[in-house]
Amino acid sequence: MKQHKKEELVKELYEKYPYPSRNIQDKEKLINYSHWILQIFKEKETFWKNKEILELGCGTGELANSLALNGGKILAIDFSKNSIKKAKILSKKMKTKNSTFLQKNILEFNSKKRFDVIIALGSLHHTINAKKGFEIASKHCKKNGLIIIGLYNKYSRFRHRIKRLILLLTCRNDFEKRIKVGKKLFKSNESPFWCADKYGQVHESYHSINEVLQWFKENEIEFISSKPKFKHPIFDELKWLIKKENAFFVMIGRKK
Ligand SMILES: C[S@@+](CC[C@H](N)C(=O)[O-])C[C@H]1O[C@@H](n2cnc3c(N)ncnc32)[C@H](O)[C@@H]1O
């Protein structure tokens, strides 16, 4: 499939099934939604206060709105119009200040502004060029600013890659069919948005710790921390595969 066709299908999927669509009703719950990130690099809840934050691929905006409620000044982008719409509705409902949501393609994002923190969780691997997405993230980061990225792991997501291969062979790129067959074959009771993201997705890329460390090096980012922690890349990633853990991993770095 051609790259632009792939990109179109990814967008179409998230227009129909905006992700994660968590339906958080309670302000306290939304405030706490982002705290798990701080635990990775051992910072206090006040860390976000007055930080200029760029989120790439914000989906329905739960994280961005949480960061705004914690005092961050957020610019959040996503190319799905319906996701941005939901993010704005949540912002209005929770009366979050300092959050701006824009419909934009990550790979075309270009601003003169530089940010204290750049976050891209679960989004770069759905672009047609995750490495380019990372370079764009890095370019928009201030000196000493943080980059927080979450990606599918090349090794520990292997089980899911087999499921995806079955879906590709049986349903090709028909995402509605893939969701229906995926739910049936793999017995899933999750939300329609979750099932669409897991089974309907026609494009995702996979990345290893060493690959991301190489991206960090090339873009003058110093590695700070990760979730999960690792000692020996590849060996640990294979261990996660066997233990059915960490198909999604987060790496944090600081711009030099
Ligand atoms: C799996 S969702 C993750 C959403 C959110 N970051 C989260 O962790 O819940 C991936 C998001 O990336 C967005 N996305 C994928 N490719 C994109 C691109 N090239 N430009 C902008 N957004 C993109 C999708 O629209 C979708 O909302």
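You'll find the structure just up there.
Everything numeric here is computed off the predicted structure, so don't read it as measured data.

Quick notes on the rules
Residues numbered from 1 in each chain as written. Predicted model: local features only at pLDDT ≥ 70, side-chain atom pairs only at ≥ 80, totals over all residues. Buried ≥ 20, exposed ≤ 12 C-beta atoms within 10 Å, placed from the backbone. Helix = DSSP H or I, 4+ residues; strand = E, 2+ residues; numbered from the N terminus. Pairing = 2+ DSSP bridges. Right-handed = clockwise from strand over helix to strand, strands pointing away. Near = placed C-beta within 6 Å. Nonpolar A, V, L, I, M, F, W, Y, C, P; charged D, E, K, R; others polar. Axes fitted to C-alpha atoms, helices over the stretch in contact; angles between N-to-C directions. Contact = placed C-beta atoms within 7 Å. Core = buried A, V, L, I, M, F, W, Y, C linked by C-beta atoms within 7 Å.

The buried fraction of strand β1 (residues 52-56) amounts to 4 of the 5 residues, a majority that puts the element mostly inside the structure. As paired elements, β1 and strand β2 (residues 73-78) share 5 bridges and run parallel to each other. Bridged to Glu52 within β2 is Lys73. Chirality of the crossover, the property in question, places the unit of β1, helix α4 (residues 62-69) and β2 among those that are right-handed.

Looking now at the site of the ligand. Around the ligand there are 20 residues in total, and Tyr14, Gly57, Gly59, Phe79 and Ser123 lie nearest to it. Residue composition of the shell around the ligand, by class: 9 nonpolar, 9 polar and 2 charged.

With that settled, the discussion passes to the sheet that holds strand β4 (residues 115-121). Strands sit in the order β3-β2-β1-β4-β5-β7-β6 across an open sheet of 7 strands; the sheet is mixed. Among the strands making up the open sheet, the edge pair consists of β3 (99-103) and β6 (221-227). Here the average twist between neighbouring strands, direction ignored, is 15°. Against the sheet, α4 contacts β1, β2, β3 and β4, and its axis sits at roughly 175° relative to β2. Sitting on the sheet, helix α5 (residues 81-93) is in contact with β2 and β3, with an inclination near 165° to β3.

Next up on the list: the nonpolar core. Counting residues in each nonpolar core, the largest one holds 47 residues, and the members touching the most others are Ala64, Ala76, Ile118, Ala137, Ile147, Ile148 and Ile149. Top contributing element to this core by residue count: strand β5 (residues 141-152), with 7 residues. By size, the runner-up hydrophobic cluster in this structure holds 12 residues, among which are Tyr19, Leu167, Tyr199 and Val202.

Here the focus is helix α6 (residues 130-139). Within α6, burial applies to Ala130, Gly133, Phe134, Ile136, Ala137 and Ser138. Those residues of α6 hidden inside the fold are in contact with β1, β4, β5, α10 (209-218), β6 and β7 (248-255).

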